[in-house]
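Remarks on the overall topology
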Amino acid sequence: EAASSSSSSSDDGSSFVAFCDLSLDEWLFKGPKGDIQAETYRKMLKCVEKESQGNWAEFCPKNNVAWLAYLVDCILTNKIQISSSGQKSEDAMASKKQEAGGGAEDEESLAFDASLVLTSDQGRRLRSFRKSCMSAASESCHDLVWHDLFKDFWTVNSS
């Protein structure tokens, strides 16, 4: 998967933009309508065309936000929902089994899918985070760092 650009700092403190020139891979933008990856690349292309006249080497922080939303979509699309009682949703498991063809040879893929288990609270928090990613107010990943999804990860020193 190729992301567009990301601003960073080197060991000596100078800053640079790490990027992939996605314009060299036009097929990325021609994926099927409704496909979350193809739609993400098209959003990123629009941003680069608008913000930097098509120059992928320029930092476009909104693209990092679009990529975060894409990753959340992948998690939400490939999950098995857990009920509030902690039991796997029978509907979700049946659906996964049907998608896999229901054979014994597909048990390994079902086991892999089972590693993407979310509680209903985690699913709610991820959907809220995705909504924040998609809002016009989120101009960069910096804007999203303090989202409720991450509230248990940060410690603020008041001194």
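Residues numbered from 1 in each chain as written. Predicted model: local features only at pLDDT ≥ 70, side-chain atom pairs only at ≥ 80, totals over all residues. Heavy atoms only, no water.

**Some words on the overall build of the protein chain**
Tallying secondary structure elements over the protein chain gives six helices and four strands in all. Going from the N terminus to the C terminus, the protein chain shows its helices and strands as β-β-α-α-β-α-α-β-α-α. Counting across all 159 residues of the protein chain, residues that qualify as buried make up 27%. Excluding contacts between residues fewer than 6 apart, the proportion of contacts in the protein chain whose partners are at least 24 apart in sequence is 49%. (Helix = DSSP H or I, 4+ residues; strand = E, 2+ residues; numbered from the N terminus. Buried < 20%, exposed > 50% of the residue type's maximum accessible area, 1.4 Å probe, protein only. Contact = heavy atoms within 4.5 Å.)

**Some words on the state of the cysteines**
Summed over all chains, the structure comprises one disulfide. Through a disulfide, Cys47 is tied to Cys60; the S-S separation comes to 2.4 Å. Residue Cys47 is located in helix H1 (residues 36-52), and its partner Cys60 is located in the loop between H1 and helix H2 (61-77); the two are separated by 13 residues in the primary sequence. In this structure, Cys47 and Cys60 share a single accessibility class: buried. The thiol of Cys141 is unpaired, and the distance to the nearest cysteine sulfur, on Cys133, comes to 7.5 Å. Residue Cys141 is classed as partly exposed on the basis of its relative accessible area of 27%. (Disulfide = S-S within 2.5 Å.)

**So, the packing of aromatic side chains**
The final tally for this structure, using the stated rule, is six aromatic pairs. Pairing Phe129 with Phe150 gives two aromatic rings, centres 5.3 Å apart and planes at 85°, and the pair type is edge-to-face. On the criterion of sequence distance, the pair formed by Phe129 in helix H5 (residues 120-134) and Phe150 in the segment after helix H6 (141-144) is long-range, its members being 21 residues apart. The exposure class assigned to Phe129 is buried, which follows from its relative accessible area of 2%. Accessibility expressed as a relative area gives 25% for Phe150, which makes it partly exposed. An aromatic cluster is built from Phe29, Tyr41, Trp56, Trp67 and Tyr70, whose rings are joined through pairwise contacts. (Phe/Tyr/Trp six-rings, centres within 6.5 Å; stacked < 30°, edge-to-face > 60°.)

**Details of the pattern of salt bridges**
Oppositely charged side chains can pair when the atoms bearing their charge come close. Counted according to the given criterion, the structure contains five salt bridges. Linking Glu39 and Arg42 is a salt bridge whose minimum nitrogen-to-oxygen distance equals 3.0 Å. Highlighted residues: Glu39 and Arg42, both in helix H1, separated by three residues, approximately one helical turn. For Arg42, a relative accessible area of 22% corresponds to the partly exposed category. One network of salt bridges, with partners in common, ties together Asp121, Arg124 and Arg125. (Salt bridge = Lys/Arg side-chain N within 4 Å of Asp/Glu carboxyl O.)

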